[in-house]
Amino acid sequence: MRSKLPDVGTTIFTVISRRAAELGAVNLGQGFPDYDIDPRLAALVHEAMLAGHNQYAPMPGLPALRERIAAKLARSYGIAVDVESEITVTLGATEAIFSAVQALVGAGDEVIIFDPAYDSYEPAVRLAGARCIRIPLQPPTFLPDWDRVRAALTPATRLVIINSPQNPACSCLSTGDLDALAGLLRDRDCRVLSDEVYEHMVYGRAHASALAHAELRARSVAVFSFGKTLHATGLRVGYAVAPPALTTELRKVHQFNTFTIATPFQHAIAGYLAERPDCGADLAAFFQRKRDLLGSLLGEVGFRVLPAAGSYFLLADYSSFSDEADVAFAERLLNEAGVAGIPLSPFYREPPSMRLLRFCFAKRDETLREAAGRVMRWANAK
Ligand code: GLN
């Protein structure tokens with residue numbers, strides 16, 4: 001049988017998590033919290049099911065939830081979003097990305113993505129029949145060189161996928177970056193897909209959302225994730241925000257892809273946002289403390305930690321331990337020290353020279369300490 005994605009294997013996140021579980025390793029690889037969610041959210045899910053909210057929700061998402069999302073966007077970014085025609089609840093941000101790409105590009109089209117690119121972008125583009133033009137972000141800043149983007153634009157460019165905070169590089173775009181992108185796309189028939197799932201994990205400054213940029217807003221689909229904001233990646237509830245014409249196209253795919261999202265979860269999240277309208281506002285402080293804790297622990301054991309501007313990951317340079325390539329070092333750290341991290345090179349077409357692993361700090365403090373202790377014992381035994 002002909003494979004449509006012959007070179008695609010199981011994602012590095014799944015592979016590393018599976019291996020970490022087999023080895024009983026401390027898993028700072030795949031991004032997910034290891035602490036409890038707010039019990040109030042769990043109670044609201046339970047209440048929603050007992051109240052009988054167990055049948056199909058409306059295709060675009062439960063109106064009560066979309067209203068809460070609009071209120072949240074107004075609060076976060078001072079923008080007005082139409083509940084009926086601009087918000088679609090999706091099966092996590094992953095579905096929002098996949099459905100948006102299928103809706104917006106096709107055979108012969110080019111899509112600009114930035115390496116290290118989150119691993120779901122390129123397969124989605126290829127399954128749509130389009131082709132990725134990959135522009136590398138260089139360490140240590142991992143920010144776009146807009147002149148390179150200008151040079152990569154062609155009449156076939158139909159979509160640029162941006163991701164801020166960036167996963168796995170932890171960099172954040174500024175308003176100036178969004179201005180530069182808007183300037184490049186002016187008068188072009190090209191849309192933007194803005195992956196903003198780590199919107200509330202930006203440190204020391206405000207998140208620059210594509211939705212808050214008037215010019216980009218008109219051509220963008222922005223995607224968000226309740227899994228990240230509510231510390232519950234298993235919820236698989238996200239949403240896409242886009243002008244009505246783009247939303248119409250997105251929903252044509254969404255309705256045949258996932259159709260609707262789990263009804264009790266939508267009720268529960270709507271109820272939770274009603275009780276906690278400022279939900280997400282405390283995440284930057286919460287995660288900055290964890291970022292700084294893991295950063296200092298890893299620094300003490302010999303890593304050189306890069307300042308993470310955003311996301312719940314940080315990058316650590318392991319040159320003081322080894323000069324081997326990142327995939328080999330990640331394997332060694334997992335097998336010998338019992339600590340899982342994610343190498344960056346699999347996210348590049350042409351990886352630059354670097355000795356970096358990505359570690360997730362959305363973990364209990366004890367977990368972060370245990371990971372550092374294991375690295376310390378391993379380094380001392382070498
Ligand atoms: N977003 C998660 C991460 O970056 C991975 C999710 C997945 O495994 N697909 O770690």
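The model shown is predicted, which means the values in this text are computed figures rather than measured ones.

Notes on the packing of aromatic side chains
Tallied over the full model, the rule gives 20 aromatic pairs. Ring centres of Tyr-35 and Phe-286 lie 5.7 Å apart, and the angle between their planes is 75 degrees; on these two criteria the pair is classed as edge-to-face. With Tyr-35 in the loop between β1 (26–27) and α2 (39–50) and Phe-286 in helix α12 (residues 283–301), the pair connects residues that are 251 residues apart, well separated along the chain. Relative to Tyr-239, the ring of Phe-224 has its centre 5.2 Å away and its plane inclined at 20 degrees; by these criteria the two rings are stacked.

Description of empty space enclosed by the protein
A probe as big as a water molecule, rolled over the atoms, marks out the empty space that is left. Enumeration over the complete set of coordinates arrives at two cavities of 30 Å³ or more. By volume, the largest cavity amounts to about 120 Å³. Every residue lining the largest cavity is counted, 14 residues in all, and those nearest its centre are Phe-114, Leu-137, Ile-162, Asn-163 and Gln-166. Going through the elements one at a time, β3 (110–115) and β5 (157–163) are the ones with two or more residues in the lining of the largest cavity. For the lining of the largest cavity, the per-class residue count stands at 10 nonpolar, four polar and no charged. What the second largest cavity holds in volume is close to 30 Å³. Together, Ile-162, Ser-164, Leu-173, Leu-178, Ser-194, Glu-196, Ala-208 and Ala-210 line the second largest cavity.

With respect to the site of the ligand
Close to the ligand lie Phe-13, Gln-30, Gly-31, Tyr-118, Asn-167, Tyr-198, Phe-313 and Arg-358, which account for all nearby residues. Taking Gly-31, its main chain carries an N or O atom lying 2.7 Å from an oxygen atom of the ligand. Here the ligand has 300 Å² of accessible area as a free molecule, and 79% of this is covered by the chains. More than half of the atoms belonging to the ligand lie within 2 Å of the grid points that define the largest pocket. Among the residues making up the shell around the ligand, the classes are represented as four nonpolar, three polar and one charged.

Looking at unusual backbone geometry
Geometrically, the link from Asp-115 to Pro-116 is a cis peptide bond, its omega value of 5 degrees lying close to zero. Checked against the element boundaries, Pro-116 lands in the loop between β3 and α5 (121–127). Put simply, Ser-164 and Pro-165 share a cis peptide bond, and its omega is -15 degrees. By secondary structure assignment, the location of Pro-165 is in the loop between β5 and α7 (175–185). If you check the backbone angles, Asp-187 has positive phi at about 65 degrees while not being a glycine. Tracing the backbone shows Asp-187 in the loop between α7 and β6 (191–195). With relative accessibility at 79%, the residue Asp-187 sits in the exposed group. Despite not being glycine, Arg-236 shows a phi value in the positive range, around 55 degrees.

Let's talk about the sheet that holds strand β2 (residues 87–90)
In a beta sheet, neighbouring strands are held together by backbone hydrogen bonds and run either parallel or antiparallel to one another. Overall, mixed pairing links the seven strands, which are arranged β2-β8-β7-β6-β5-β3-β4 in an open sheet. One side of each edge strand has no neighbouring strand; the edge strands of this open sheet are β2 and β4 (131–136). With direction set aside, neighbouring strand axes in the sheet form an average angle of 20 degrees. Note: strand β7 (residues 220–225) against strand β8 (residues 238–241), four bridges, orientation antiparallel. Bridging across to β8, Ala-222 finds its partner in Val-241. Set on the sheet, α7 makes contact with β5 and β6; between it and β5 the angle comes to about 175 degrees.

Rules and cut-offs
Residues numbered from 1 in each chain as written. Predicted model: local features only at pLDDT ≥ 70, side-chain atom pairs only at ≥ 80, totals over all residues. Heavy atoms only, no water. Phe/Tyr/Trp six-rings, centres within 6.5 Å; stacked < 30°, edge-to-face > 60°. Helix = DSSP H or I, 4+ residues; strand = E, 2+ residues; numbered from the N terminus. 1 Å grid on protein atoms, 1.4 Å probe; cavity = no way out; pocket = protein on both sides within 12 Å on 5 of 7 lines; lining within 4 Å. Points joined across faces, edges and corners; volume = space filled by probe spheres on them. Nonpolar A, V, L, I, M, F, W, Y, C, P; charged D, E, K, R; others polar. Near = heavy atom within 4 Å. Polar contact = N/O pair within 3.5 Å; in protein donor to acceptor, adjacent residues only side chain to side chain. Areas by Shrake-Rupley, 256 points an atom, 1.4 Å probe, with all protein chains shown as cover. Sits in = over half its atoms within 2 Å of the grid points. Buried < 20%, exposed > 50% of the residue type's maximum accessible area, 1.4 Å probe, protein only. Pairing = 2+ DSSP bridges. Axes fitted to C-alpha atoms, helices over the stretch in contact; angles between N-to-C directions. Contact = heavy atoms within 4.5 Å.

Just distances and angles here, no functional claims.
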